[in-house]
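# Coordinate analysis (summary)
Residues per chain, in single letters:
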Amino acid sequence: MTASGLSKTVSVVELADRVRRGETSAVAVAHDTLSRIDQDNGNLNAFLTVTRDELLEQAHAIDEKRARGQALGPLAGVPIALKDALCTRGVRTTCGSKMLASYVPPYDATAVSRLRAADALLPGKTNMDEFAMGSSNETSAFGPARNPHDRERTPGGSSGGSAVAVASGMTPASLGSDTGGSIRQPASFTGAVGVKPTYGRVSRFGLVAFASSLDQIGPFASDVRGAARVLGVIAGADDRDATCLPAPGDDYEGACGKAVRGLRIGVPEEYFGSGLDPEVEGSVRAAIARLESDGVMIKKVHLAHTRHAVATYYVIATAEASSNLARFDGVRYGLRVMGSAAANSKHSQGSALRAMIGATRDAGFGSEVKRRILLGTFVLSAGYYDAYYLKAQKVRTLIRRDFDKAFGEVDAIVCPTYPTPAFRLGEKTSDPLAMYLSDVYTLPASLAGLPAMSVPCAPTKAGLPVGLQIIAPALKETTMFALASAVEGQ
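What you see as residue numbers is a count from 1 along each chain, following the sequence as written. A pLDDT threshold of at least 70 governs which residues receive local features in this predicted model, and a stricter bar of 80 or more applies before side-chain atom pairs are shown or counted, although totals over entire chains, interfaces and linings include all residues. Side-chain metrics in this entry use all non-hydrogen atoms of the structure; hydrogen atoms and water are not considered.

### Quick notes on the overall build of the protein chain
Each helix and strand in the protein chain was counted, giving 17 helices and 11 strands. The C-alpha radius of gyration of the protein chain comes to 22 Å, within 12% of the 23 Å expected for a compact globule of 490 residues. Seen through its C-alpha atoms, the protein chain measures out along the principal axes to roughly 75 × 55 × 45 Å. Exposed residues in this analysis have more than 50% of their type's maximum accessible area, buried residues have under 20%, and partly exposed residues fall in between, with area computed by a 1.4 Å probe over protein chains only. Relative to its 490 residues, the protein chain shows a buried fraction of 59%. Contacts are assigned to residue pairs with any non-hydrogen atoms lying within 4.5 Å of each other. The long-range fraction of contacts in the protein chain, counting pairs at least 24 apart against all pairs at least 6 apart in sequence, stands at 76%. The secondary structure listing takes helices from DSSP runs of H or I that are at least 4 residues long and strands from runs of E that are at least 2 residues long, numbered from the N terminus. Here the globule rule reads 2.2 Å times residues to the power 0.38, and the radius of gyration is calculated from C-alpha atoms.

Right, dumping it as structure tokens:
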């Protein structure tokens, strides 16, 4: 037990209930959270910024609110870490990049505002792959986060720090963003629950954009019900995001624990082919077998265009990234580096500006971000747009139709989240293509805009976590949570 009387495994729901009942104070929780961060963050590098004073102010305000007899929100006193791609008013937001190392936004992302309104505690900003471009947290300009199960292994990416914060017990929940698997893969690697909602279910306002047609904010939590409660707070319409769906949030928490007997589950053969680690396959198939013993009907389905998902994603995502990252040029905010021509008064203002922009982007972006900007600019360039970007959009439609056909026969799809357990730091950095290819199981749901989540199943013999991925039809997160709760209870 810790100073606040809470065990390290206390859940989101239990903690909020204790704070509301007055069994512990928000201030005690805040101090306990800071103590955990002080103890573990030096070894794990999960947090890039810790907001100590702000956290204690939030906690005092929650305790005063309770003392006045006012009702507390559904996340009362629950510490929730924030991926450093989410804008936070008055707190620096780096995106894991030198480009924004000193950037302090003047506003909160919508998801952050909704956490505040729900009386959550926000202890700080978590490590991530630079501009969310990576699968191992190794592209961060501030060093990689480390997997708490084995500090020589990656926690996954790009939301690695948010996964580590939860898996290590520093916080019971966190927010990440998922473009092609950046919540689900770290959840699988660290043994956390990680949720990518339907595209448009959660407002992207205030999320620094990577690929706008793919990015989605979602929660990590230590258990399924906790993830459901956090999603219930952040989901819903937002006029400030044109892509946010007008549909209200659903009762995700109420779906947890519901009977799953009679549900039809699809198992795609394409997700159990070459490259899948035998222990991962064994763990996932065992979880599926236990669902079948609970009365779930298992059916083979085919997602024929899965083999094209990696190529399709890395055309579309890099094209959108090359456009979105054009704003980081040293002119209005972020890093500014004066090039030699800019410093030489003999050159024209145009030459000086070009030199400054070039020097800024060269110094500010890491190699992986530069690689993706160059690739995205190429596929959008004259003469190549039809051959690459337009064709990728057509294949994206075929991938979506595969899911539509499958969901005509089943209520959800289950498969591995990732083909292997967490790999060692440095193992794939010299081979970007190998890193990209490993995302094959998470990319299709992203391209189709579907809700998907990773929930832990049996670990490997070495004790490394394994994730089971559940994919549901659009806006059917409740089905996903019911199944995840059943897997969790096995």
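### Remarks on the pattern of salt bridges
In what follows, salt bridge is the name for a side-chain nitrogen of Lys or Arg lying within 4 Å of a carboxyl oxygen of Asp or Glu. Inspection of the entire model under this criterion finds 23 salt bridges. Where Lys65 meets Asp119, a salt bridge forms, and the shortest distance between an N and an O atom there is 3.0 Å. Separated by 54 residues along the polypeptide, Lys65 in helix α3 (residues 52–67) and Asp119 in the loop between α4 (110–117) and β3 (124–126) bring together distant segments of the chain. Considered together, Lys65 and Asp119 belong to a single accessibility category, that of buried residues. The shortest N-O distance in the salt bridge between Arg184 and Asp178 comes to 3.0 Å. Sharing partners across several salt bridges, the network here consists of Arg89, Asp108 and Arg116.

### So, the nonpolar core
Throughout this description, the term nonpolar core refers to a set of buried Ala, Val, Leu, Ile, Met, Phe, Trp, Tyr and Cys residues connected via side-chain atoms within 4.5 Å. Among the nonpolar cores identified, the biggest contains 126 residues, and Leu115, Phe131 and Phe481 are the most heavily contacted of them. With nine residues, helix α10 (residues 309–324) is the single largest residue contributor to this core. If we skip the residues at most four places from it in the chain, Leu115 touches Leu75, Ile80, Leu82, Ala120, Leu122, Leu175, Val230, Val233 and Ile234. By size, the runner-up hydrophobic cluster in this structure holds nine residues, among which are Leu44, Phe47, Ala81 and Met170.

### A short note on the sheet that holds strand β11 (residues 466–471)
Here, a strand pair is defined by DSSP locating no fewer than two bridges between the strands. One open sheet holds the 11 strands; their spatial order is β1-β3-β2-β4-β6-β5-β10-β11-β9-β7-β8, and the pairing between them is mixed. Each of the sheet's edge strands pairs with one partner strand only, and the pair in question is β1 (47–50) and β8 (297–301). Sheet twist, expressed as the average angle between the axes of neighbouring strands with direction ignored, equals 25°. In terms of strand pairing, strand β5 (residues 193–196) meets strand β10 (residues 452–457) through three bridges, oriented antiparallel. Considered in β10, the bridge of Lys196 is made with Ala452. Helix axes are fitted only over the stretch in contact, all axes being lines through C-alpha atoms; the angle between N-to-C directions runs from 0 to 180 degrees. Sheet contacts for helix α5 (residues 160–167): β1, β2 (80–83), β3, β4 (173–178) and β6 (216–221); angle to β4, the most-contacted strand, approximately 155°.

### Here we look at the packing of aromatic side chains
The way to describe two aromatic rings as a pair is by their centre distance and the angle between their planes. Classification of ring pairs uses Phe, Tyr and Trp, with its six-membered ring standing for Trp, and accepts pairs whose centres are within 6.5 Å; under 30 degrees between planes counts as stacked, over 60 as edge-to-face, and the remaining range as tilted. Enumeration according to the criterion identifies 16 aromatic pairs in this entry. Between the aromatic rings of Tyr385 and Tyr389, the centroid separation amounts to 5.3 Å while the plane-to-plane angle is 45°, which identifies the pairing as tilted. With Tyr385 and Tyr389 both in helix α14 (residues 385–406), this residue pair falls four residues apart, about one helical turn. Tyr385 sits in the partly exposed class, given a relative accessible area of 37%. Under the relative-accessibility criterion, Tyr389 is labelled buried at 14%. Taken together, the ring pairs connect Tyr103, Phe131, Phe328, Tyr333 and Phe365 into an aromatic cluster. Note that Arg92 overlies the ring of Phe142, its terminal NZ or CZ placed 5.6 Å from the centroid. A cation over an aromatic ring shows up here: Arg285 above the ring of Phe272, its NZ or CZ 4.1 Å from the ring centre. In this analysis the charged atom, NZ for Lys or CZ for Arg, is taken to sit over a ring once it is within 6 Å of the ring centre and within 35 degrees of the ring normal.

### As for unusual backbone geometry
Put simply, Gly157 and Ser158 share a cis peptide bond, and its omega is 5°. Within the fold, Ser158 resides in the loop between β3 and α5.

### Some words on the environment of Ala486
With respect to the secondary-structure elements, Ala486 resides in helix α17 (residues 477–488). Residues contacting Ala486, with those up to four places away along its chain left out, are Val260 and Leu291.

### Structural notes on helix α2 (residues 26–44)
One less than the number of residues in a helix, times 1.5 Å, gives the span that helix is expected to have. Here α2 contains 19 residues, and its C-alpha end-to-end distance of 25 Å stays within 8% of the 27 Å for a straight helix at 1.5 Å per residue. Throughout, the bend at a residue refers to the angle made by two axes, fitted to the seven residues ending there and to the seven starting there. At Asp38, α2 is deflected by roughly 35°, the largest bend along its length. Every buried residue of α2 is listed here: Ala26, Val27, Val29, Ala30, Asp32, Thr33, Leu34, Arg36, Ile37, Asp40, Asn41 and Leu44. As for α2, its buried residues are in contact with α1 (12–21), β1, α3 and α5. One or two positions beyond α2, positive phi appears at Asn45, with a value near 55°.

### A word on α14
For α14, spanning 22 residues, the distance from its first C-alpha to its last is 31 Å, which sits close to the expected 32 Å at 1.5 Å a residue. The largest bend in α14 comes to about 25°, at Lys391. Residues of α14 that are buried: Tyr389, Ala392, Val395, Arg396, Ile399, Asp402, Phe403 and Ala406. Next to the buried residues of α14 lie β8, α10, α13 (367–380), β9 (412–416), α16 (443–448) and β11.

### Comments concerning the environment of Gly257
Inspection of the secondary structure puts Gly257 in the loop between α8 (252–255) and β7 (264–268). On a C-alpha basis, the gap between Gly257 and Arg201 in space is 22 Å, while along the polypeptide they are 56 residues apart.

### With respect to the confidence of the model for the protein chain
The pLDDT value tells you how sure the predictor is about a given residue, anywhere from 0 up to 100. With 96% of its residues at a pLDDT of 70 or more, the protein chain has an overall mean of 95. This model gives residues 1–7 a pLDDT under 50, and the stretch forms 15 contacts once residues within four places in sequence are excluded.

### Section: the packing of α4 against helix α7 (residues 224–234)
In the contact formed by α4 and α7, the axes pass within 8 Å of each other and the chain directions differ by 110°. Accordingly, the angle class assigned to the pair α4 and α7 is roughly perpendicular. Here Ala111, Arg114 and Leu115 of α4 come into contact with α7, specifically with Val230, Val233 and Ile234. Under the scheme applied here, ten amino acids are nonpolar (Ala, Val, Leu, Ile, Met, Phe, Trp, Tyr, Cys and Pro), four are charged (Asp, Glu, Lys and Arg), and all others, including Gly, are polar. A breakdown of the residues in the contact of α4 with α7 according to their chemical character gives five nonpolar, no polar and one charged. Put simply, angles under 35 degrees are roughly parallel, angles over 145 are roughly antiparallel, angles from 65 to 115 are roughly perpendicular, and the rest are oblique.

### Focus: a nonpolar patch on the surface
Together, Leu375, Phe378, Tyr384 and Tyr388 give the surface a local cluster of nonpolar side chains, amounting to about 350 Å² of exposed area. Along the chain, Tyr388 turns up in helix α14. Note that patches include only residues with greater than 30% relative accessible area and no salt bridge, and the join distances are 9 Å for like charges and 5 Å for nonpolar side chains (Val, Leu, Ile, Met, Phe, Trp, Tyr). To measure how exposed things are, a 1.4 Å probe is used in the Shrake-Rupley method; for residues, cover is taken only from the protein chains shown.

### So, the pairing of β5
It is a general feature of regular strands that their side chains alternate between the two faces of the sheet. Neither face of β5 is exposed, since Val193 and Val195 on one face and Gly194 and Lys196 on the opposite face are all buried. Here β5 runs beside β6; their pairing, made up of two bridges, is antiparallel. Considered in β6, the bridge of Val193 is made with Ala221.

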